[in-house]
Amino acid sequence: MGLVGYELQAITKLPIIHIVVETAKAVKKQGLKKVGLLGTTFTMEMDFYRNKLEEYGLDVLIPEKQETRDYIQYTLKEELGIGFINPQTKDNYISIATELAKRGAECIILGCTEIPMLISQSDFEIPIFDTTKIHSQAILEFIVS
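Notes on the structure in this doc start here. Not measured: the values here are computed from a predicted model.

## What to know about the overall build of the chain
- Within the chain, the regular secondary structure consists of 7 helices and 4 strands.
- Judged by the C-alpha coordinates and their principal axes, the chain covers about 45 × 35 × 30 Å.
- Within the chain, residue pairs in contact and separated by at least 24 positions form 66% of the contacts whose partners lie at least 6 positions apart.
- For the chain, the exposed area adds up to about 8300 Å²; of that, 56% sits on carbon and sulfur atoms.

Written out as structure tokens, the structure is:
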């Protein structure tokens, strides 16, 4: 949880259910250690997301080429962000995720809410973790517990 999350929790006395923590728990529950992470350039390149996954003992891989990360950012904003589903973009995301798997990723984390509009578990043989679904489930479980 970032500093803002801790501050908010301290002020409100309400629990914060962190999307990355819940995702890390879901990955660990399946006994996986090396994850491929897809998301915005901010999510893939900055430490806040990767560090939280690493705190749970996970090794994080992101697309190696800057142009690939920039492409993902562009399509998130200019296509998926406005609800446009492009079949070629889907094929490209599958190729990007497949490349992460070839580099050793045992699963792929869809670290942006729009990505599951484009790709899902049915597109892959390795596990796919939809962070929005995981986060929503964790919140629901907290509410009913």
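## Some remarks on a nonpolar patch on the surface
- A contiguous nonpolar patch, built from Ile 139, Leu 140, Phe 142, Ile 143 and Val 144 and spanning about 500 Å² of accessible area, is present on the exposed surface.
- Overall, the relative accessible area of 34% leaves Ile 139 in the partly exposed class.

## So, the environment of Lys 33
- By the element assignment, Lys 33 lies in the loop between α2 (19-29) and β1 (34-38).
- For the pair Lys 33 and Gly 83, spaced 50 residues apart in sequence, the C-alpha to C-alpha distance is 33 Å.
- Once residues within four sequence positions are removed from consideration, Lys 33 is found in contact with Lys 28, Gly 57, Leu 58, Asp 59 and Glu 106.

## Topic: the packing of α2 against helix α7 (residues 131-144)
- Relative to each other, α2 and α7 sit at 100°, their axes nearing to 9 Å. The angle between the axes of α2 and α7 places the two elements in the roughly perpendicular class. Contacts from Ile 19, Glu 22, Thr 23 and Ala 26 of α2 reach α7 at Thr 131, Thr 132, Ile 134, His 135 and Ala 138.
- For the contact of α2 with α7, the class distribution of residues is 4 nonpolar, 4 polar and 1 charged.

## Things to note about the packing of helix α5 (residues 66-78) against helix α6 (residues 87-102)
- Across the interface, α5 lies against α6 with an axial gap of 12 Å and an inter-helix angle of 145°. As α5 packs across α6, the resulting crossing turns out to be left-handed. Where α5 approaches α6, its residues Thr 68, Tyr 71, Ile 72, Thr 75 and Leu 76 are matched on the opposing element by Gln 88, Thr 89, Asn 92, Tyr 93 and Ile 96.
- Residues of the contact of α5 with α6, tallied by class, amount to 5 nonpolar, 5 polar and no charged.

Thresholds, definitions, all that
- Residues numbered from 1 in each chain as written.
- Predicted model: local features only at pLDDT ≥ 70, side-chain atom pairs only at ≥ 80, totals over all residues.
- Heavy atoms only, no water.
- Helix = DSSP H or I, 4+ residues; strand = E, 2+ residues; numbered from the N terminus.
- Contact = heavy atoms within 4.5 Å.
- Areas by Shrake-Rupley, 256 points an atom, 1.4 Å probe, with all protein chains shown as cover.
- Patch = residues over 30% accessible without salt bridge, like charges linked within 9 Å, V, L, I, M, F, W, Y side chains within 5 Å.
- Salt bridge = Lys/Arg side-chain N within 4 Å of Asp/Glu carboxyl O.
- Buried < 20%, exposed > 50% of the residue type's maximum accessible area, 1.4 Å probe, protein only.
- Axes fitted to C-alpha atoms, helices over the stretch in contact; angles between N-to-C directions.
- Parallel < 35°, antiparallel > 145°, perpendicular 65-115°, else oblique.
- Nonpolar A, V, L, I, M, F, W, Y, C, P; charged D, E, K, R; others polar.
- Left-handed = near helix turned anticlockwise from the far one by under 90°.

Limitation: the analysis is restricted to geometry and does not speak to function.
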